[in-house]
Amino acid sequence: DVKVTQSSRYLVKRTGEKVFLECVQDMDHENMFWYRQDPGLGLRLIYFSYDVKMKEKGDIPEGYSVSREKKERFSLILESASTNQTSMYLCASSLSPGTGNTEAFFGQGTRLTVV
Amino acid sequence: AQTVTQSQPEMSVQEAETVTLSCTYDTSESDYYLFWYKQPPSRQMILVIRQEAYKQQNATENRFSVNFQKAAKSFSLKISDSQLGDAAMYFCAYTYNAGNMLTFGGGTRLMVKP
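Residues numbered from 1 in each chain as written. Chains lettered and ligands numbered in written order. Predicted model: local features only at pLDDT ≥ 70, side-chain atom pairs only at ≥ 80, totals over all residues. Heavy atoms only, no water.

Student: Could you give me a rundown of the overall build of chain B, with the residues and numbers involved?
Tutor: When you go through chain B residue by residue, the secondary structure sums to zero helices and 12 strands. The linear arrangement of helices and strands in chain B, starting from the amino end, is β-β-β-β-β-β-β-β-β-β-β-β. A globule of 114 residues ought to have a C-alpha radius of gyration of about 13 Å, and chain B, at 13 Å, matches this closely. Overall, the C-alpha framework of chain B stretches about 40 × 25 × 25 Å when taken along its three principal axes. Residues classed as buried in chain B amount to 50% of the 114 residues present. Pairs at least 24 apart in sequence give 55% of the contacts found in chain B among residues at least 6 apart. Accessible area for chain B stands at about 5400 Å²; split by element, carbon and sulfur atoms hold 45% of it. The averaged location of the 10 negative side-chain charges in chain B is 2 Å from the averaged location of its 10 positive side-chain charges. (Helix = DSSP H or I, 4+ residues; strand = E, 2+ residues; numbered from the N terminus. Rg over C-alpha atoms; globule rule 2.2 N^0.38 Å. Buried < 20%, exposed > 50% of the residue type's maximum accessible area, 1.4 Å probe, protein only. Contact = heavy atoms within 4.5 Å. Areas by Shrake-Rupley, 256 points an atom, 1.4 Å probe, with all protein chains shown as cover. Lys, Arg positive; Asp, Glu negative; His and termini not counted. Charge placed at Lys NZ, Arg CZ, Asp CG, Glu CD.)

Student: Could you give an account of unusual backbone geometry, with specific residues and numbers?
Tutor: All names here are of chain A. In this structure, Asp 28 is a non-glycine residue whose phi angle is positive, near 60°. Structurally, Asp 28 can be placed in the loop between β3 (19-25) and β4 (31-38). The class for Asp 28 is exposed, based on a relative accessible area of 51%.

Student: Give a description of the state of the cysteines that names residues and reports values.
Tutor: All names here are of chain B. By the definition in use, this model includes two disulfides over all chains. The residue that forms a disulfide with Cys 23 is Cys 92, at a sulfur-sulfur distance of 2.0 Å. Residues Cys 23 and Cys 92 are joined through a disulfide that is left-handed, its torsion about the S-S bond being -70°. Residue Cys 23 is located in the loop between β3 (19-21) and β4 (24-26), and its partner Cys 92 is located in strand β10 (residues 88-95); the two are separated by 69 residues in the primary sequence. Comparing Cys 23 with Cys 92, the two get one shared label, buried. (Disulfide = S-S within 2.5 Å.)

If you want it as structure tokens, here you go:
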């Protein structure tokens, strides 16, 4: 089974802290994604990566950065956490376009509270 | 830009009954993929069903089926013989390129009454 693992299910951080959310996948997927989930808004794409050291901005990248030093790991960084970044964060991975496999696999989410 | 709209924030169904969740989308692409994902209280997103736009036949997976209307840009999910375990958030999603980023609707919370 494909497994996408997020390092924390719950996090509480203080305003201004630097926060790292880690995601690891074990299926050698090229693509990895970070989404933010808020009630009524569904999931919105923050950043994605289609290869090691490559990254692309999604719909809401402001206040976030990412790092992909190894193929299996994709980190989301909140440089200076703010209360409006309190949310659920979901990591996902998938094979490259052209493989015919369209399914994205998700981690269990990290519920981040910034106080 | 592509958009996905789910107009029903909440739905309720009696156990063993049938329920239909609505989804509309907007795209200028002619070939694309549509999905329904389920998110139970455990928060683990699970793929329920997918549809390739070039296929005219509606996808079916056991009790789950879709009504794909390409011209109307509509993609509804029908759940037959609803079970208590079907209670979850359901998200409709779109991508123009297999394996690429997904655009999600706002979600529909489905409640199943015993």
